[in-house]
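Per-entry structural report
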Amino acid sequence: MQTTKSVEELQVWTHELRDYFGVSHVFYHTATLKGEQVGAFTYSLEWVRRYIERDYRSIDPVVLGAMRRFHPMDWKACDWSSPAARKFMREALEAGVGNQGWAVPIWGPNGEFALFSLNDKCDDETWEAFTRQNAKNALLVSHLVHQQVMRIVHNELDPPSAELSPREREALAQLSVGLSRANVADSLNISENTLRAYIDSARHKLGAANVTHAVALALAKGIIVPTGTLPKY
């Protein structure tokens, strides 16, 4: 994660983090940062667009609760009593957001505020056991993500590279020999959703119209070879 050079690459990493923690969603958002908003998430784009367009940040009990705290919190500790908050939660659940959440408020030295959340669908007992086991790792990861975002936003990194990452190259190499997405995901020990994120990122970097085009371009450029193995550099 600390080798990423753009928010787009961090977006792919949220999928890796989701697989690592074994939850439904991972979300990072800078609520206040020089007027900018930076987000990296595994939620659907439709839900994120609706959230922004309807300014749900102004009524989201998780955001409002986190802005009054300095320590991680369970979503259940937030105030969901208002009709607007309950309506918001119903819409979120319909959009695929889980009923459980763990949020880490992140306060920067210059007044910036960001939020990192893990989200899942499970019962209270299962979630309580999960948070006991993973709270420290979630806290560590949240600050690593925020640190990297700050470095990216303040141009403290080299310019983003158009080269494919090792994961992206591995994914296209295995797809090039006819393996299914399920088989490639198993081989790389990631979920199919995370694999899709890597494929989409590779396709964007290559300027490809679809996955087949991306594989063809990668083969033509020598990024991968027809045997499915990666060329040596």
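Before reading on, note that the structure itself is shown above.
Heads up: these notes are all about the structure in this document. (Residues numbered from 1 in each chain as written. Predicted model: local features only at pLDDT ≥ 70, side-chain atom pairs only at ≥ 80, totals over all residues. Heavy atoms only, no water.)

The subject of this paragraph is the pattern of salt bridges. Pairs can form between side chains of opposite charge once their charged atoms are near each other. Throughout the structure, instances matching the rule amount to ten salt bridges. Across the pair Glu 91 and Arg 50 runs a salt bridge, and its minimum N-O distance is 3.3 Å. Of the two residues, Glu 91 is situated in helix α4 (residues 83–94) and Arg 50 in helix α2 (residues 45–53); the sequence distance between them amounts to 41 residues. The class of Arg 50 is partly exposed, set by a relative accessible area of 29%. In this structure, a network of salt bridges that share partners links the residues Arg 50, Arg 54, Lys 87 and Glu 91. (Salt bridge = Lys/Arg side-chain N within 4 Å of Asp/Glu carboxyl O. Helix = DSSP H or I, 4+ residues; strand = E, 2+ residues; numbered from the N terminus. Buried < 20%, exposed > 50% of the residue type's maximum accessible area, 1.4 Å probe, protein only.)

One finds Tyr 28, Phe 116, Leu 118, Val 145 and Val 149 to be the most contacted residues of the largest nonpolar core, which totals 26 residues. Elements with a minimum of two residues in this core: α1 (7–21), β1 (25–32), β4 (100–107), β5 (113–120) and α5 (124–153). The biggest single contributor to this core is α5, with nine residues. Ignoring anything within four residues of it in the chain, the contact list for Tyr 28 reads Val 38, Gly 39, Ala 40, Ile 106, Ala 114, Leu 115, Phe 116, Val 145, His 146, Val 149 and Met 150. Of all hydrophobic cores here, the second largest spans 23 residues; its members include Phe 27, Tyr 56, Ala 85 and Ala 103. (Core = buried A, V, L, I, M, F, W, Y, C linked by side-chain atoms within 4.5 Å. Contact = heavy atoms within 4.5 Å.)

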